[in-house]
Amino acid sequence: MRYARSLVGLALVWAVVGCASGPSENFKNQVSAELADLKKAQDQVASLKADVGQIQSPLDSLKQALGKVWSDKVEKDKDLAPQLKEVGEEVQKLTNDLNSVEGQLGSAITEAESFANGLAQQTKGDQELKPEWDNLKNKVNQAAGQLAGLTERATQLKQRVSSLTEAIQKKYSAKK
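Worth saying up front: this structure is predicted, and the values here are computed from it rather than measured. (Residues numbered from 1 in each chain as written. Predicted model: local features only at pLDDT ≥ 70, side-chain atom pairs only at ≥ 80, totals over all residues. Heavy atoms only, no water.)

Asks: Would you explain the side chain of T165 in this entry?
Replies: With respect to the helices and strands, the residue T165 is situated in helix 6 (residues 126–173). Among all residues touching T165, those that are not within four sequence positions of it are P58, L59 and L62. (Helix = DSSP H or I, 4+ residues; strand = E, 2+ residues; numbered from the N terminus. Contact = heavy atoms within 4.5 Å.)

Structure below.
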């Protein structure tokens, strides 16, 4: 009987120590898969940065095509000059906001990567690590959530640049 109690006691100690010795493979795989999904937001940022970088291209092309007419007339036009200035300022603000979101997202993803990379050395179990992981995922998702608003602003700005380009072409292309 004494032997049975000792064996049961040892089994319980082993179960407690064994279970708390780190995260399960299942949890590690889940974190790895979710991290890969979270990193996709960085691709969205890169794509949006490229789009924002191209917003002023139609105006730049038109400026080059019009040459001296641009500096002599378009930049001095009382209706168009303020719009050109405003578009330039909006593009700059959008670029700054996008850079800010990119920084927040990069920081959050770096934290998530550190967490994922450190799982092999963790002694905490799944239940203790899950809230920490959920917090990191929320941080990444909050930063990524700002991309939708920036994408909408970029689309509106593209439309505005297109309209402005058409107006300049109508008014000054024939006068070159």
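On we go.
Asks: Please explain the packing of aromatic side chains as it appears in this structure.
Replies: Aromatic ring pairs are described here by two measures, namely the spacing of the ring centres and the angle between the planes. Counting across every chain of the model gives 1 aromatic pair. Ring geometry for F115 versus W133: centroids 5.4 Å apart, planes at 20°, classification stacked. Of the two residues, F115 sits in helix 5 (residues 80–117) while W133 sits in helix 6, which places them 18 residues apart along the sequence. With a relative accessible area of 0%, W133 lands in the buried category. (Phe/Tyr/Trp six-rings, centres within 6.5 Å; stacked < 30°, edge-to-face > 60°. Buried < 20%, exposed > 50% of the residue type's maximum accessible area, 1.4 Å probe, protein only.)

Asks: Would you explain the nonpolar core in this entry?
Replies: Side chains that are nonpolar tend, in soluble globular proteins, to be buried together. Judged by nonpolar contacts, the single largest core of 43 residues is most densely connected at W133 and I168. Counting only elements with at least two residues in this core, the list comes to helix 2 (25–54), helix 3 (57–66), helix 4 (68–72), helix 5 and helix 6. No other element matches helix 6, which puts 14 residues into this core. In this structure, W133 is in contact with F27, V31, E34, L35, L38, A112 and F115, ignoring residues within four places of it in sequence. (Core = buried A, V, L, I, M, F, W, Y, C linked by side-chain atoms within 4.5 Å.)

Asks: Any chance you could explain the packing of helix 5 against helix 6 here in plain terms?
Replies: A packed helix pair is summarised by two numbers, namely the angle formed by the two axes and the spacing between the axes. The N-to-C vectors of helix 5 and helix 6 enclose an angle of 160°; their axes lie 9 Å apart at closest approach. Judged by the angle between their axes, helix 5 and helix 6 are roughly antiparallel. Where helix 5 crosses over helix 6, the two elements pack in a sense that is left-handed. The residue makeup of the contact of helix 5 with helix 6, split by class, is 27 nonpolar, 3 polar and 10 charged. (Axes fitted to C-alpha atoms, helices over the stretch in contact; angles between N-to-C directions. Parallel < 35°, antiparallel > 145°, perpendicular 65-115°, else oblique. Left-handed = near helix turned anticlockwise from the far one by under 90°. Nonpolar A, V, L, I, M, F, W, Y, C, P; charged D, E, K, R; others polar.)

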